[in-house]
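What the coordinates show
Chain by chain, the residues run as shown.
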Amino acid sequence: MAIMRIAGQDIQDADIYQTIFRHFPDIIHSVDSDGKIVFTNRKAESLLGYTHEELIGKNVREIYADEILQKMEEGFKQLKADGEKTAVESLLKDRAGNNIPVEIRSFSIYDDAGNFIRTFSIIRDIRDVKQLQESLVHAGRLAAIGELASGIAHDINNPLTVLLLANELALLGLKQHKGPRPPVLDQLERSLRDIEKASEVIRKLADHLRNFSRGMVEQHEVVDIHGILADSLFIAQNKVAKSQTKVVNNVEKGRHYVSGAPNQLEQVFVNLIANACDAMMETKNSQLSIDCAETNREGTACWRFDVTDNGHGIPEDVREHVFQSFFTTKEKGKGTGLGLSISRGIIKNHEGDIEVASEVGKGTTFSVFLPCHKPTIVSRL
């Protein structure tokens, strides 16, 4: 009898197939007419978290997700009758209760009299495939958003031009006013200046939308984050007012410089501020704090900007998904699920990172890490 050597063991011809099955990279198992597992391999043990002894004799229904048990019963009945089932997707359940998407190929084994003996199945873990499919779907949706963004930017610029022109004429008219000014005209000028500033922000956002739709990369420059935060708070002032939030901005002017695209960084902080305000809509004495500290991440000196609210907090099972594209806990029409995903992408492109810490009922902190830009000091002799 020929002897082969596999994994340091001498294997006879009679055992070779058994050994191959045991070491196969996909799950291989066999189930009898009552649904009890009579054969399984190492992959089943590692994927499902059971020992070999625990799996043998276990009813196969125990390793399938609860929500597909009825469909599994129907498939098992059909398999025993027809003898073969082509690749179908299903859900297994591991020892911890986690669902695992799989692809199953099965056929039946009969005796000489045509009586069913058991099944033989090859089961492949397709979590990576599912992840790739979801990524492609997200990419398609983002592409569609890019096309919409281009049209929106064009549509915004036309009325914005009219608004800016009308505002400029109104300011010019105020300058031509002769004699003492009544307080109402001073208030009007302040309002017109606010309109001018807000219109400039809209113009920048429209340009950003157009660049986003074309895949253009914005030029980086040295930026004082204090100015970025000031503009971000201005844009989000309605959210701040609606949530009756007290803002404490501890980021000082002229100290915290980074290299980045101003519009993109502004977009990140507007999103974080707006989300914080949303989380505090039902909070009494709501407060938004913005702090900065210097830290070190993987050998790189970074500024850590903390945006902290005292809102309802984020549950742990939600926290792990907040940066995923299209994930949102807001009501339909109130959130796209793109804000934090895009924000993280922007910060990653700035060689930084963004993290979240939260406690239900106490509040949430989003921490933005950006490499420090240290101005070069030239000494003069």
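Everything that follows concerns the structure shown earlier in this document.
Residues numbered from 1 in each chain as written. Predicted model: local features only at pLDDT ≥ 70, side-chain atom pairs only at ≥ 80, totals over all residues. Heavy atoms only, no water.

1. Points about the overall build of the chain
Inclusion rule: Each helix is a run of DSSP H or I of at least 4 residues and each strand a run of E of at least 2, with the numbering of both proceeding from the N terminus. The classification of residues rests on relative accessible area computed with a 1.4 Å probe and restricted to protein chains. Under 20% of the type maximum is buried, over 50% is exposed, and intermediate values are partly exposed. Any two residues whose heavy atoms approach within 4.5 Å are treated as being in contact. All accessible-area figures derive from a Shrake-Rupley calculation using a 1.4 Å probe, and residue coverage is judged against the displayed protein chains alone.
Along its length, the chain carries 11 helices and 14 strands. Split into buried and exposed, the 381 residues of the chain put 35% on the buried side. Considering only contacts in the chain between residues 6 or more positions apart, those separated by 24 or more positions represent 59%. Approximately 23100 Å² of the chain is accessible, and the part contributed by carbon and sulfur atoms is 52%.

2. So, the nonpolar core
Spelled out, the test is: Buried Ala, Val, Leu, Ile, Met, Phe, Trp, Tyr and Cys residues form a nonpolar core when they are joined through side-chain atoms within 4.5 Å.
Ranked by internal contacts, the top residues of the largest apolar core, which has 34 residues, are Ile225, Phe269, Leu272, Phe305, Val368 and Leu370. For this core, the secondary-structure elements that each account for two or more residues are α7 (225-235), α9 (262-279), β11 (287-297), β12 (300-309), α11 (339-349) and β14 (363-371). The greatest single-element share of this core, amounting to 7 residues, is contributed by α9. Excluding residues within four positions of it along the chain, Val368 makes contact with Val268, Phe269, Leu272, Trp303, Arg304, Phe305, Ile347, Asp353 and Ile354. Counting 20 residues, the second largest nonpolar core, distinct from the first, contains Ala44, Leu55, Tyr64 and Val102.

3. Considering the state of the cysteines
Rules: Counting rule for disulfides: a pair of cysteine sulfur atoms within 2.5 Å.
Considering all chains together, one arrives at 0 disulfides under this definition. Cys372 takes part in no disulfide bond, and the closest cysteine sulfur, belonging to Cys302, lies 6.2 Å away.

4. Examining the sheet that holds strand β9 (residues 246-249)
Which entries qualify depends on this criterion: Strand pairing is assigned whenever DSSP identifies at least 2 bridges connecting the two strands. Geometry is summarised by axes, namely lines fitted to C-alpha atoms with helices restricted to the contacting stretch, and by angles between N-to-C directions that run from 0 to 180 degrees.
Across the sheet, 5 strands lie side by side as β9-β11-β12-β14-β13; this open sheet has mixed pairing. On the outer flanks of this sheet lie β9 and β13 (353-359), each paired with one strand and no other. Here the strands of the sheet are splayed against their neighbours by 20° on average, with no regard to which way each runs. Relative to β14, β12 runs antiparallel, the two being bridged by 8 bridges. Across the sheet, Arg304 pairs through a bridge with Phe369, a residue of β14. On the sheet, α11 packs against β13 and β14 and is oriented at approximately 135° with respect to β13.

5. Details of the pattern of salt bridges
Using the following cut-off: Between Lys or Arg on one side and Asp or Glu on the other, a salt bridge is scored when a side-chain nitrogen of the former is within 4 Å of a carboxyl oxygen of the latter.
For the structure shown, the criterion picks out 20 salt bridges. The partner of Glu62 in a salt bridge is Lys58, and the shortest N-O contact between them spans 3.4 Å. Given the relative accessible area of 15%, Lys58 is considered buried. Of the charged contacts in the structure, one is a salt bridge between Lys93 and Asp66, with a shortest N-O distance of 3.1 Å. Placement of Lys93 in strand β5 (residues 84-93) and of Asp66 in the loop between α3 (52-55) and α4 (69-82) is noted, with a sequence separation of 27 residues between them. Counted as one network, the salt bridges with shared partners bring together Arg181, Asp186, Glu189, Arg193 and Glu196.

6. Some thoughts on a nonpolar patch on the surface
Rules: Note on patches: the residues involved have over 30% relative accessible area and no salt bridge, like charges join within 9 Å, and the nonpolar side chains Val, Leu, Ile, Met, Phe, Trp and Tyr join within 5 Å.
On the surface, a cluster of nonpolar side chains totalling about 300 Å² of accessible area is made up of Leu165, Leu169 and Leu172. Mapped onto the secondary structure, Leu172 falls in helix α5 (residues 127-175).

7. Here's the deal with the packing of α7 against α9
The condition that has to hold: When describing relative orientation, an angle under 35 degrees is termed roughly parallel and one over 145 degrees roughly antiparallel, while 65 to 115 degrees is termed roughly perpendicular and anything else oblique. Take the far helix as the reference: if the near one is turned anticlockwise from it by less than a right angle, the crossing is left-handed, and if turned clockwise, right-handed. Under this grouping Gly is polar, as are all residues other than the nonpolar Ala, Val, Leu, Ile, Met, Phe, Trp, Tyr, Cys and Pro and the charged Asp, Glu, Lys and Arg.
Running from N to C, α7 and α9 point in directions that differ by 50°, and their axes come no closer than 9 Å. Accordingly, the angle class assigned to the pair α7 and α9 is oblique. In this structure, the crossing between α7 and α9 has a hand that is right-handed. Seen from α7, the contacting residues are Ile225, Ile228, Leu229, Asp231, Ser232, Leu233 and Ile235; seen from α9, they are Pro262, Leu265, Glu266, Phe269, Val270 and Ile273. Looking at side-chain class alone, the contact of α7 with α9 contains 10 nonpolar, 1 polar and 2 charged residues.

8. Regarding the environment of Asn41
Threshold: Here a polar contact means two N or O atoms within 3.5 Å. Within protein one must be a hydrogen donor candidate and the other an acceptor candidate, and residues neighboring in sequence count only if both atoms are side-chain atoms.
Looking at where Asn41 falls in the secondary structure, it is placed in the loop between β4 (37-40) and α2 (42-48). Classification of Asn41 as buried rests on a relative accessible area of 0%. Linking Asn41 and Phe24, residues 17 residues apart in sequence, is a C-alpha distance of 7.5 Å. Those residues in contact with Asn41 that sit more than four places away from it in its chain are Phe21, Arg22, Phe24, Asp26, Ile27 and Ile28. In terms of polar contacts, Asn41 uses its side chain to reach the backbone carbonyl oxygen of Asp26, at 2.8 Å.

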